[in-house]
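Below, each chain spelled out in residue letters.
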Amino acid sequence: METIKTTIIKYLEGQGRASKSKIEKEVGELTLSTGDCIARRMRELVAEGVLRKDQKEYEGNKYWE
């Protein structure tokens with residue numbers, strides 16, 4: 001069975017760039033996990049240096065990619 005972290009990495013390899021909320025929703029559906037759990041695993045991957053998060057702005061609203 002794949003871990004949530006592995007699923008996130010594979011999702012991003014196939015998807016490319018995605019917003020934090022989109023990753024939480026789609027990976028959460030794949031792994032039957034909550035958005036909070038997915039967000040926690042993404043923070044761990046950022047801390048490990050596996051992922052990078054960038055703050056973007058769209059129509060005056062900031063979001064994480």
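The sections below set out a description of the structure shown in this document. Note that the coordinates shown come from a computational prediction; the quantities given were computed from them, not determined experimentally.

Digging into the environment of serine 33
Mapping serine 33 onto the fold places it in the loop between helix 2 (20–31) and helix 3 (35–48). When the C-alpha positions of serine 33 and isoleucine 4 are compared, they lie 8.5 Å apart, and in sequence the two are 29 residues distant. For serine 33, the residues in contact, after removing those within four places along its chain, are Ile4, Gly28 and Ile38. Side chain to side chain, serine 33 and threonine 31 meet in a polar contact 3.0 Å long.

As for the packing of helix 1 (residues 4–15) against helix 3
To describe two helices that pack against each other, one gives the angle between their axes and the distance between the axes. Contact geometry for helix 1 and helix 3: axes closest at 10 Å, N-to-C directions at 75°. Relative to helix 3, the element helix 1 lies roughly perpendicular. Counted together, Ile4, Lys5, Ile8 and Ile9 of helix 1 and Cys37, Ile38, Arg41, Met42, Glu44, Leu45 and Glu48 of helix 3 form the full contact between these two elements. Residue composition of the contact of helix 1 with helix 3, by class: 7 nonpolar, no polar and 4 charged.

Observations concerning the packing of helix 1 against helix 2
Direction vectors running N to C along helix 1 and helix 2 enclose 120°, while the axes themselves pass 10 Å from each other. By the angle class used here, helix 1 and helix 2 are oblique. When you trace helix 1 past helix 2, the crossing you get is right-handed. Of the residues in helix 2, those touching helix 1 at Ile4, Thr7, Ile8, Tyr11, Leu12 and Gln15 are Lys22, Ile23, Glu26, Val27, Leu30 and Thr31.

Considering the side chain of threonine 7
On the secondary structure map, threonine 7 appears in helix 1. By relative accessible area, which is 10% here, threonine 7 ends up buried. For threonine 7, the residues in contact, after removing those within four places along its chain, are Glu2, Val27, Leu30 and Thr31.

About the criteria used
Each chain carries its own residue numbering, running from 1 in the direction its sequence is written. Local features in a predicted model are, by the rule used here, given only for residues with pLDDT of at least 70; side-chain atom pairs are given and counted only at 80 or more, and totals for whole chains, interfaces and linings are based on all residues. Side-chain metrics in this entry use all non-hydrogen atoms of the structure; hydrogen atoms and water are not considered. Here a helix means four or more residues in a row that DSSP labels H or I, a strand means two or more in a row labelled E, and each is numbered from the N terminus. The contact criterion used throughout is that any non-hydrogen atoms of two residues lie within 4.5 Å. For this analysis, a polar contact is any N or O atom pair within 3.5 Å, provided that within protein one partner can donate a hydrogen and the other can accept it, and provided that sequence-adjacent residues contribute only side-chain to side-chain pairs. Note on definitions: angles span 0 to 180 degrees between N-to-C directions of axes, and those axes are lines fitted to C-alpha atoms, for helices only across the stretch in contact. For classification purposes, an angle smaller than 35 degrees is called roughly parallel, one larger than 145 roughly antiparallel, one from 65 to 115 roughly perpendicular, and anything else oblique. Classification convention: Asp, Glu, Lys, Arg as charged; Ala, Val, Leu, Ile, Met, Phe, Trp, Tyr, Cys, Pro as nonpolar; all other residues, Gly among them, as polar. Here a crossing is taken to be left-handed if its near helix is turned anticlockwise relative to the far helix by less than a right angle, and right-handed if that turn runs clockwise. Burial status follows relative accessibility: with a 1.4 Å probe on protein chains alone, a residue under 20% of its type maximum counts as buried, one over 50% as exposed, and anything between as partly exposed.

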